[in-house]
Amino acid sequence: MSLWDEKFATGNETVDNDHKEIFSLVEEVLRSSAIDNKEKNETAINFLATYAVGHFEREENLMAESDYPNTAAHTKEHRDFMAVAMKLKADFDNGGYALGELDLHPETLHLSKVIYGTVINWLTEHVMGSDRNLAEHYKKWKDGE
């Protein structure tokens, strides 16, 4: 399973490489949740949150460098995602994924549901919308247009 698809490419190599890594991290959480590996889930969730911070900083540097007109809205999307990532991490750390009397790894099944329902949807919309707009703006700025 590969969540990354070339349709997500923005044309900015730095941004695209970061996105590939983020999608890969999400895949790792999904794989580890499927085999109920709490340690791998924890490692992947922690790394995803940490990596997202660095990625957002790189994007925000591109915004500042190129005087991107939608910086405030784009940055707010980053903060919103970090709130989701931090809640995901906090819930996981606090054992907040138990759903009751399910037979099949209830904690990690819920984790997968949260990732699919929230993280992947957010990434898809953000990458194909806001990040693509930023990359186009940055390219035009860099080319002197």
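Residues numbered from 1 in each chain as written. Predicted model: local features only at pLDDT ≥ 70, side-chain atom pairs only at ≥ 80, totals over all residues. Heavy atoms only, no water.

Q: Sorry if this is basic, but what is going on with helix α3 (residues 71-93) here?
A: An α-helix turns once every 3.6 residues. As a result, residues three or four positions apart point the same way. With 23 residues, α3 extends 32 Å between its outermost C-alpha atoms, agreeing within 8% with the 33 Å of an ideal straight helix rising 1.5 Å per residue. Every buried residue belonging to α3 is among His 74, Thr 75, His 78, Phe 81, Met 82, Ala 85, Leu 88 and Phe 92, and all of these are buried. (Helix = DSSP H or I, 4+ residues; strand = E, 2+ residues; numbered from the N terminus. Expected span 1.5 Å × (residues − 1). Buried < 20%, exposed > 50% of the residue type's maximum accessible area, 1.4 Å probe, protein only.)

Q: Help me understand the environment of Leu 123 in this model?
A: Looking at the element boundaries, Leu 123 is found in helix α4 (residues 106-142). According to the relative accessible area criterion, Leu 123 is buried, its value standing at 4%. With 104 residues separating them along the chain, Leu 123 and His 19 place their C-alpha atoms 8.7 Å apart. Residue contacts for Leu 123: discarding those within four places in its chain leaves Ile 22, Phe 23 and Val 26. (Contact = heavy atoms within 4.5 Å.)

Q: Sorry, what's going on with the environment of Glu 42 here?
A: Tracing the backbone shows Glu 42 in helix α2 (residues 38-66). As a C-alpha pair, Glu 42 and Phe 92 span 50 residues in sequence and 7.6 Å in three-dimensional space. Excluding its chain neighbours within four sequence positions, the residues that come into contact with Glu 42 are Phe 92 and Asp 93.

Q: Would you take a moment to explain the nonpolar core for this structure?
A: Counting residues in hydrophobic clusters, the biggest one holds 27 residues, and the most contacted among them are Phe 23, Val 26, Phe 81, Ile 115, Val 119 and Leu 123. Contributions of two or more residues to this core are made by α1 (13-34), α2, α3 and α4. A per-element tally of this core places α2 first, with 7 residues. (Core = buried A, V, L, I, M, F, W, Y, C linked by side-chain atoms within 4.5 Å.)

Q: What is the right way to look at unusual backbone geometry in this model?
A: For residues besides glycine, phi is generally negative; the peptide bonds are generally trans as well. For Asp 67, which is not glycine, the phi torsion reads 55 degrees and is therefore positive. Position of Asp 67 among the secondary structure elements: in the loop between α2 and α3.

Q: Is there a simple way to explain the packing of aromatic side chains in this structure?
A: In this structure the tally under the stated criterion is 7 aromatic pairs. Between Trp 4 and Phe 8, the aromatic rings sit 5.8 Å apart at their centres with planes inclined by 50 degrees, giving tilted as the arrangement. Residue Trp 4 is classed as buried on the basis of its relative accessible area of 15%. With 5.8 Å between their ring centres and 75 degrees between their planes, Trp 4 and Phe 23 make a pair best called edge-to-face. With a gap of 19 residues between them, Trp 4 in the segment before α1 and Phe 23 in helix α1 connect regions that are remote in the sequence. Phe 23 matches Trp 4 in its accessibility class, with the two residues each being buried. (Phe/Tyr/Trp six-rings, centres within 6.5 Å; stacked < 30°, edge-to-face > 60°.)

Q: What is the right way to read the side chain of His 74 from this model?
A: With respect to the helices and strands, His 74 occurs in helix α3. For His 74, a relative accessible area of 2% translates into the label buried. At a separation of 2.9 Å, a polar atom in the side chain of His 74 contacts the side chain of Asp 131. Once residues lying within four places of it in the same chain are set aside, the contact partners of His 74 are Glu 59, Met 63, Tyr 68, His 126, Ser 130, Asp 131 and Leu 134. (Polar contact = N/O pair within 3.5 Å; in protein donor to acceptor, adjacent residues only side chain to side chain.)

Honestly, it's all geometry; don't read function into it.
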